[in-house]
Structures are given as structure tokens and as C-alpha cells.
Amino acid sequence: MKYVSDSLKAAARVAGLAGVVGAGLLSSAHAAELIQIDGSSTVYPITEAVAEEFQLKSGGDIRVTVGISGTGGGFKRFCRGETDISNASRPIKESEMKLCAEAGIKFFELPVAFDGLTVVVNKENDFVDYLTVAELKKMWEPAAQGKVTNWNQIRSTFPDMPLKLAGPGADSGTFDYFTEAVVGESKASRGDFQASEDDNVVVQFVSRDKGALGYFGLAYYEENKDKLKAVPIKADAEAEAIMPSVKTVNNGTYTPLSRPIFIYVKDASVKRPAVRDFVDFYLTEGGELAKEVGYVDLPADAYELARDNVKNGKLGTGFGGEAEVGLSVQELLQREGRL
């Protein structure tokens, strides 16, 4: 299956499939069972691919809808009981855990793949050979707002050229993780940048301005590398500059901008056979489908641990309500869950 990053094209594929299934159901004796998913645009391509394959396998008996309201928007719906599964590009927060608890919603936290946040510049940019995490912080920290506006403020050897920034909006889990990894605090960011929940807006912004810089998931870069340049990242001034790739994300050298991405599944929904079968299909086939759409699959034992957690009813999050940079997936899955 060929990866399509454009959310409209991807949505059309799902809508088209749903339409075909729906047309068949009009003449059938029963309605398809519905599984509702919403959340992260980063996780969307994987879940969309899994949903398409699963619907074909189900022969029209099960219909899966996948929305893109961002990680934060998805958790709002999930904690109101409106969805069965929430796509998330960062762990659930303490405030979201509280909302779910107040609504009596218990959940499984299931990592499904790795992603590498990719810093990109314009294709015509010929002066950025790498950036350090400290230089990224200088660009993006709240104190930079209205003050750090030129490339030569980042490094003295950079030219006198306006620095234009673009990135995910505040509802995005990618925004949360980037600010945590770069600035040191989730959501701590300057506000004077082109913000969008649609990564394609960031692609267009950076591709049109030689002085622009942005960031998003590795898969979106792979789809648009004819328009943009990825920037190698140094964890510190003495470290090696590492280019984001499937290999460097998988072997752990692309740090601190690689991370696991998740689905959260409502406990009450897993009691339904259709949802249980979908989750099992996701954790069995999702790794290969993640690779097809440009992400990095987890180690085989991580998917096995995740399936065991569902089978054994191990609920809750392995995080303390905030992201942890550098935590292994296996360690996460073996932690005691919190609700």
C-alpha cells in the first residue's frame, strides 16, 4: 500500500471505502458495527492504514472512522466518552487523566510505532549544516518572542536573514513533545510563529521562504523531501550531528527528537468483540503498516507486551502525566499503570 501524507487524500480513501461499505449495507439485513477514533494527525496515517486493512478483512461488518482533531482535541472527545480509541503523539496529561477519571473512563495505553521529529529548512538554504538543541531552544523558547528574529542571532556565522518559523499548534502532541525535548518544558514556546494542526501548512510555509524553519514528524518529511531539507541535530555542542531517518530513530542515536506514538483504548470499548479484534489486529499488523507509511516499527517484543497488557486487563498510563524523554517502550509497558 502506498503512503499518502496529504490528509485530504487519506481521508478520501477512508471516506471512499466507508462509502462502498455503506452502500453495501443499505441492502444488507444489519448495520455495520462502528468503531470511532480521533486525535493526532501524526498517528493518523498509521491508524488510517490499519483501519482500511481491517475493514476489508471484516467484509463490511465493521466500520472504522478516523478523525484528526489533534492529540489534545482527541483526548477531550475520548474523556467525554465520544470515541473508542484516541490517537496520541504524546502521553496523556494529568489534566486529561482527571477528565477521564471524572467521567469514569478507564483506558489502555498502547505504543504503536516510533516517530522522529524532523527540523526542516527551505531547499535553497545553503548555510545550515546542523543545529544544536541549544540553538533550537534559542529560536523557540518564550523569551525569543519578538527578539530573536534573524539567523545571525542563532550563530554568528549565519547570514543576516529574517528567521521565519512554523510548527504545529498548541493542540498538537508534536508541539508538546518538541517543547519538552528542546525547551525543557511542555508547551513553553514563543507564540509569534505560523502555527497549524495541518503539517502540510508547515510544508508549504517553509518551502516558500528561504529563511524559514519548521518541524513535524519524519513521515511528512519523507513525503516532501523534494521541497525541503532536513537538518542534522546535535544533542549538544560536542555530539555528532545526526540526520533523522528510520535507522537513526530505531537505533536510538537520533536524540532527543525521537519518540513513541500511541493509541489509547477505552476499557469499556475493548469489551466489544469488534474493538478487541481491531486492537489485536493493530498490534499484530500495525508495525508493518507503520513502516509502509513512513514510520519506524517497535521491536517485536514491545507489540507482544502490549497485547499481553490488553489480554491481562492492565489499565492506565506508564507515565506520570507528562512526557519522559529517553524512556524505552519495553520499560514503559512493564510499569504499573495509573488512571
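For the structure, check the block above.
Residue positions are given per chain, counting from 1 as you read along its sequence in written order. Thresholds applied to this predicted model are a pLDDT of at least 70 for local features of residues and 80 or more for the giving and counting of side-chain atom pairs; totals over whole chains, interfaces and linings are not thresholded and use all residues. To get the side-chain values, all heavy atoms of the structure are used, and hydrogens and water are removed first.

1. Some thoughts on the packing of helix α3 (residues 70-79) against helix α4 (residues 94-102)
Under the convention used in this document: An axis is simply a line fitted to the C-alpha atoms; with a helix, the fit covers only the stretch in contact. Between two such axes, the angle follows the N-to-C directions and lies from 0 to 180 degrees. Think of it this way: any DSSP run of H or I at least four residues long counts as a helix, any run of E at least two long counts as a strand, and we number them from the N terminus. Reported orientations rely on four angle classes, namely roughly parallel under 35 degrees, roughly antiparallel over 145, roughly perpendicular from 65 to 115, and oblique for the rest. Helix crossings get a hand from a simple test, with the near helix turned counterclockwise from the far one by less than a right angle marking a left-handed crossing and a clockwise turn marking a right-handed one. Contact between two residues is taken to exist if any of their heavy atoms lie within 4.5 Å; hydrogens are not considered. Residues are sorted three ways: Asp, Glu, Lys and Arg are charged, Ala, Val, Leu, Ile, Met, Phe, Trp, Tyr, Cys and Pro are nonpolar, and all the rest, Gly among them, are polar.
Following both chains from N to C, one finds α3 and α4 inclined at 20 degrees, their axes separated by 9 Å at the closest point. Considered as vectors, α3 and α4 are oriented roughly parallel to each other. Our pair here, α3 against α4, has a crossing hand that is right-handed. Residue-level inspection shows Gly 72, Phe 75, Phe 78 and Cys 79 of α3 in contact with α4, the latter providing Glu 96, Leu 99 and Cys 100. Of the residues assigned to the contact of α3 with α4, the class counts are five nonpolar, one polar and one charged.

2. What about the state of the cysteines?
Here is the idea: a disulfide is a covalent bond, and it sits between the sulfur atoms of two cysteines. Rule in force here: By definition, disulfides here are pairs of cysteine sulfur atoms that lie within 2.5 Å. Note on classification: 1.4 Å probe, protein chains only; a residue is buried when its accessible area is under 20% of the maximum for its type, exposed when over 50%, partly exposed between these limits.
Here the structure, examined in full by the defined rule, presents one disulfide. Between the sulfur atoms of Cys 79 and its disulfide partner Cys 100 the distance amounts to 2.1 Å. Taking the sign of the S-S torsion, -75 degrees for the link of Cys 79 and Cys 100, the bridge is left-handed. Within this pair, whereas Cys 79 is found in helix α3, its partner Cys 100 is found in helix α4, the two being separated by 21 residues in sequence. Of the two residues, Cys 79 and Cys 100, neither departs from the other in class, the shared state being buried.

3. A short note on empty space enclosed by the protein
Which parts of space are left empty comes out when a probe the size of a water molecule is rolled across the atoms. As a reminder, the rule being used: We place a 1 Å grid over just the protein atoms. Points where a 1.4 Å probe fits but has no way out form a cavity, open points with protein on both sides within 12 Å along at least 5 of 7 lines form a pocket, and any residue with an atom within 4 Å of a point lines it. Grid points are joined across faces, edges and corners, and a volume is the space filled by probe spheres set on the points.
Applying the stated rule across the entire model yields two cavities of 30 Å³ or more. For the largest cavity, the calculated volume is near 90 Å³. Lining the largest cavity are 13 residues; nearest its centre among them are Glu 109, Asn 309, Lys 314, Gly 316 and Leu 333. Listed by contribution, the elements that provide at least two residues to the lining of the largest cavity are β4 (107-122) and α13 (329-334).

4. Some words on helix α11 (residues 273-292)
Formally: A helix is expected to span 1.5 Å multiplied by its residue count minus one. Two axes define the bend at a residue: one fitted to the seven residues ending there, one fitted to the seven starting there, and the bend is the angle between them.
Taking 1.5 Å as the rise per residue, α11 with 20 residues should run 28 Å; its terminal C-alpha atoms sit 27 Å apart, in good agreement. Where α11 bends most, the angle comes to about 55 degrees, and this point is Gly 286. After α11 finishes, the residue Gly 294 shows a positive phi value of roughly 100 degrees.

5. Some remarks on the pairing of strand β3 (residues 85-88)
Walk down a regular strand and you will see the side chains alternate between the two sheet faces. Put simply, the rule reads: When DSSP locates at least two bridges between a pair of strands, those strands are taken to pair.
Covered by surrounding structure in β3 are Ile 85 and Asn 87 together with Ser 86 and Ala 88, the residues of both alternating faces. Summarising the sheet, strand β1 (residues 33-39) and β3 pair through three bridges and their orientation is parallel. If you follow Ile 37 over to β3, its bridge partner there is Ile 85. Sheet topology places β3 next to strand β11 (residues 258-266); four bridges connect them, and they run antiparallel. In the sheet register, Ser 86 faces β11, and the bridge partner there is Tyr 264.

6. Quick word on the packing of aromatic side chains
Counted only if it meets this: Two rings belonging to Phe, Tyr or Trp (six-membered ring only in the last case) form a pair when the distance between their centres is within 6.5 Å. Interplanar angles under 30 degrees mark stacking, angles over 60 mark edge-to-face geometry, and anything in between is tilted. By definition, being over a ring means that NZ of Lys or CZ of Arg is both within 6 Å of the ring centre and within 35 degrees of the ring normal.
A full pass over the atoms with the stated rule returns 14 aromatic pairs. Summarising the aromatic geometry, the rings of Phe 75 and Tyr 264 are spaced 5.0 Å apart at their centres and angled 75 degrees between planes, so their arrangement reads as edge-to-face. Of this pair, Phe 75 sits in helix α3 while Tyr 264 is found in strand β11, placing the two residues 189 residues apart along the sequence. In this structure Phe 75 comes out as buried when scored by relative accessible area, which is 0%. An aromatic cluster of at least three residues, connected via ring pairs, comprises Phe 75, Phe 107, Phe 262, Tyr 264 and Phe 319. Between the NZ or CZ atom of Arg 155 and the centre of the ring of Tyr 130, over which it lies, the distance is 4.3 Å. Above the ring of Tyr 130, the side-chain terminus of Lys 234 is found at 4.3 Å from the ring centroid.

7. A closer look at the packing of α11 against helix α12 (residues 300-311)
Interaxial distance between α11 and α12 falls to 10 Å at its minimum, and their mutual angle equals 175 degrees. By the criterion of interaxial angle, the relationship of α11 to α12 is roughly antiparallel. Side by side, α11 and α12 meet where Val 279, Asp 280, Leu 283, Thr 284 and Gly 287 of the first sit next to Tyr 303, Ala 306, Arg 307 and Val 310 of the second. Tallied by class, the residues present in the contact of α11 with α12 amount to five nonpolar, two polar and two charged.

8. Points about unusual backbone geometry
Backbone torsion omega between Thr 255 and Pro 256 reads 10 degrees, so that peptide bond is classified as cis. If you check the backbone angles, Lys 187 has positive phi at about 75 degrees while not being a glycine. The residue Lys 187 is located in the loop between α6 (173-182) and β7 (194-196) in this model.

9. A few points about the pairing of β4
Burial runs high along β4: 16 of the 16 residues are buried. Bridge analysis of β4 against strand β9 (residues 228-230) gives three bridges, and the strand direction is antiparallel. Directly across from Val 120, in β9, lies its bridge partner Ala 230.

10. A short note on the side chain of Arg 155
Condition: N or O atoms closer than or at 3.5 Å make up a polar contact, with two conditions inside protein: a donor-capable atom paired with an acceptor-capable one, and, for residues adjacent in sequence, both atoms drawn from side chains.
Within the fold, Arg 155 resides in the loop between α5 (133-140) and β6 (164-168). Engagement of the side chain of Arg 155 in a polar contact is seen with the side chain of Glu 135, the distance being 2.8 Å. In this structure Arg 155 touches Asp 129, Tyr 130, Leu 131 and Glu 135, once residues within four positions along its chain are discounted.

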